[in-house]
Amino acid sequence: MAEALRVGIAGLGTVGASVARVLRDKAAELTRQCGREVVVSAVSARDRKRDRGVDLGAAKWFDDPVAMAQTAEIDVFVELIGGDEGPSHASVKAALEAGRHVVTANKALLAKHGVALAETAEKKGVLLNYEAAVAGGIPVIKTMREAMAGNSVTRVFGILNGTCNYILTRMEAEGLSFDACLKDAQRLGYAEADPTFDIEGHDTAHKLSILTSLAFGTRIAANDIYMEGISNISQADIRAAGDLGYRIKLLGVAQRTESGIEQRVHPTMVPTASVIAQVHGVTNAVAIETDILGELLLSGPGAGGNATASAVVGDIADIAKSRPGFQHGPVFGLPAKELRPYKKAQMRSHAGGYFIRLTVHDRIGVFAAIAKRMADNDISLESIVQHAAGPDSALQKTVILVTHETTEAAVRKAVDGITKDDHLTDKPQVIRIERAE
Ligand SMILES: NC(=O)c1ccc[n+]([C@@H]2O[C@H](COP(=O)([O-])OP(=O)(O)OC[C@H]3O[C@@H](n4cnc5c(N)ncnc54)[C@H](OP(=O)(O)O)[C@@H]3O)[C@@H](O)[C@H]2O)c1
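Source: prediction; values computed, not measured.

A short note on the overall build of the protein
Within the protein, the secondary structure is distributed over 14 helices and 17 strands. In terms of overall size, the protein behaves like a compact globule, its C-alpha atoms giving a radius of gyration of 24 Å where 437 residues would be expected to give roughly 22 Å. Projected onto its principal axes, the C-alpha coordinates of the protein cover approximately 85 × 45 × 35 Å. When burial is assessed residue by residue, the protein has 55% of its 437 residues classed as buried. Of all intrachain contacts in the protein linking residues separated by at least 6 positions in sequence, the fraction that spans at least 24 positions is 75%. Counting only carbon and sulfur atoms, one obtains 51% of the accessible surface of the protein, whose full area is about 18800 Å². Side chains of the protein carry 49 positive and 53 negative charges; the gap between the two charge centres is 3 Å.

Put into structure tokens, the structure is as follows:
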């Protein structure tokens, strides 16, 4: 039997401790599957004394993850610290430079430094695997990187943040406010004490930037993503969406258009009957559309110790099975130097249907003025409905418009015009409608 693969795990939190447990509990299966043993020979975290729920006594302890990355006592460096700078970046870079294979679950790191790290991995002839970085346990990286050769992707989109999907699911199912659902998510450990990163779309954007690179062979461009979070989604939006046959989801969408590649993260209305609309709670889903395959939807657990560890262990097993000359392909599907610069499509030229909810003074002429602003901007309406608005219904009305396909620029101009007309009593709400089967 080949020599054992020696693994060093940096970070022994939710994911790192789970990885150590799975490697211990599944040692016999992994040995059979890989044709060699996989052993944890080194570990690093901040607090040496903390009980990690697994005996790591046989592994050498390192206070400094960079020193562990450079030691000749490991073959694979597994980075599960988190963060796009500091110890995670320094240690992954050091490991690749020292010729160690790397496995990471860190989307923030890859969104920022992915291309440079891929270049180093290629130069050193080592693997950089990151299945757990996007959609946790769902094998989407493997699917896109290895199983779709020859396909040209036209669109990739998904529910990539379990916290947001949990909040939106509960708002719809129980009629609760955004704030109440967020508090529950925090109590249950689905949301961080500071939830900004999740609910304002940053986490989804990091994951989307990696999918975009794999889908379109472009250099990662996380800073170019148009981003809106879910904190301004109200019960009025959820109910109106339901009445119209839609459900609201926070989607990350990357799409090839005539003017370039659109990358956007925002609340989206998807048809209630579509498959992605059936993805509830903390579950994640990724839809990939290609010319040869058609549409593929992968769905499953996007976070949590065990699900994420499953993806990390899969990446480690791939390294254990790889032999010189039979290694897997390049980090982002193409050699790093062949990744093209990302050509950004302007959000103003985004084309699609729109939901617009307006709260207006109840007075003569308002309805006609709104319809005129739409017509002036060549926006054709699928429906326009007016009904009483809440406790002040004697004074104000809600107007809900659904447009046929139009552009972001036209909608923004029309809504600006309506706002200037001084008929509104509240901020207008605009939610894009996404085509989904
Ligand atoms: N949690 C999930 O469900 C999930 C899902 C997908 C991807 N991820 C990604 O996986 C990574 C880890 O997430 P996590 O939830 O496991 O984080 P976590 O529970 O906060 O664990 C972080 C670990 O890093 C260690 N650490 C921090 N600074 C360090 C340093 N300077 N040197 C050595 N160790 C250090 C901590 O040590 P101490 O324990 O001693 O403080 C801790 O063990 C992140 O990149 C995250 O985005 C997580």
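From this point, things continue past the structure.
Remarks on the packing of helix H7 (residues 162–174) against helix H8 (residues 178–187)
Closest axis-to-axis distance for the H7/H8 pair is 9 Å, and the angle between their directions is 130°. When the axes of H7 and H8 are compared, the pair comes out oblique. Between H7 and H8 the crossing geometry is right-handed. Together, Tyr166, Ile167, Arg170 and Met171 of H7 and Phe178, Cys181, Leu182, Asp184 and Ala185 of H8 make up the contact between the two elements. For the contact of H7 with H8, the class distribution of residues is 7 nonpolar, no polar and 2 charged.

So, the domain arrangement of the protein
You can read the domains of the protein as domain 1 (5–137 + 305–329), domain 2 (144–301) and domain 3 (349–433). Just the C-alpha atoms count here: the centres of domain 2 and domain 3 sit 25 Å apart. Contact with domain 2, which involves 18 residues of that partner, is made by 14 residues of domain 3. Note on domain 2 versus domain 3: buried area summed over both sides is about 1300 Å², and carbon and sulfur give 55% of it. The three residues of domain 2 that bury the most area against domain 3 are Asp237, Leu244 and Met269, which together make up 34% of that side's buried surface. For the interface between domain 2 and domain 3, the tally reads 2 salt bridges. Here Arg357 makes a salt bridge to Asp237, at a shortest N to O gap of 2.6 Å. Counting residues per element, the ones that place at least two in the side of domain 2 that touches domain 3 are helix H11 (235–243), strand E9 (246–257) and strand E10 (260–271). Here the side of domain 2 that touches domain 3 takes 6 residues from E10, the largest share from any one element. A class-by-class count of the residues in the side of domain 2 that touches domain 3 yields 9 nonpolar, 5 polar and 4 charged.

So, the packing of aromatic side chains
In total, this model carries 2 aromatic pairs according to the counting rule given. With 5.4 Å between their ring centres and 45° between their planes, Tyr130 and Phe332 make a pair best called tilted. Of this pair, Tyr130 sits in the loop between strand E6 (128–129) and helix H6 (140–146) while Phe332 sits in the loop between helix H12 (305–321) and strand E13 (351–361); the two residues are 202 residues apart in sequence, bridging distant segments of the chain. The same class applies to Tyr130 as to Phe332, namely buried.

Side note on a nonpolar patch on the surface
On the surface, Leu188, Tyr190 and Val282 cluster together to form a nonpolar patch covering roughly 240 Å² of accessible area. As for its placement among the helices and strands, Leu188 is situated in the loop between H8 and helix H9 (196–199).

Considerations on the sheet that holds strand E2 (residues 38–44)
Across a sheet, paired strands are connected by hydrogen bonds in the backbone, their directions being either parallel or antiparallel. The sheet built from 6 strands is open, its strands ordered E3-E2-E1-E4-E5-E6 with parallel pairing. Where the open sheet ends on each side, the last strands, each with one partner, are strand E3 (60–62) and E6. Examined bridge by bridge, strand E4 (residues 76–79) and strand E5 (residues 101–104) share 4 bridges and lie parallel to one another. In the strand pairing of E5, Glu79 is matched with Thr104. Of the strands in this sheet, strand E1 (5–10) and E2 are in contact with helix H1 (residues 14–25), which crosses E1 at around 155°.

Rules used throughout
Residues numbered from 1 in each chain as written. Predicted model: local features only at pLDDT ≥ 70, side-chain atom pairs only at ≥ 80, totals over all residues. Heavy atoms only, no water. Helix = DSSP H or I, 4+ residues; strand = E, 2+ residues; numbered from the N terminus. Rg over C-alpha atoms; globule rule 2.2 N^0.38 Å. Buried < 20%, exposed > 50% of the residue type's maximum accessible area, 1.4 Å probe, protein only. Contact = heavy atoms within 4.5 Å. Areas by Shrake-Rupley, 256 points an atom, 1.4 Å probe, with all protein chains shown as cover. Lys, Arg positive; Asp, Glu negative; His and termini not counted. Charge placed at Lys NZ, Arg CZ, Asp CG, Glu CD. Axes fitted to C-alpha atoms, helices over the stretch in contact; angles between N-to-C directions. Parallel < 35°, antiparallel > 145°, perpendicular 65-115°, else oblique. Left-handed = near helix turned anticlockwise from the far one by under 90°. Nonpolar A, V, L, I, M, F, W, Y, C, P; charged D, E, K, R; others polar. Domains from an automatic or database assignment. Buried area = accessible area lost by both parts, 1.4 Å probe. Salt bridge = Lys/Arg side-chain N within 4 Å of Asp/Glu carboxyl O. Phe/Tyr/Trp six-rings, centres within 6.5 Å; stacked < 30°, edge-to-face > 60°. Patch = residues over 30% accessible without salt bridge, like charges linked within 9 Å, V, L, I, M, F, W, Y side chains within 5 Å. Pairing = 2+ DSSP bridges.

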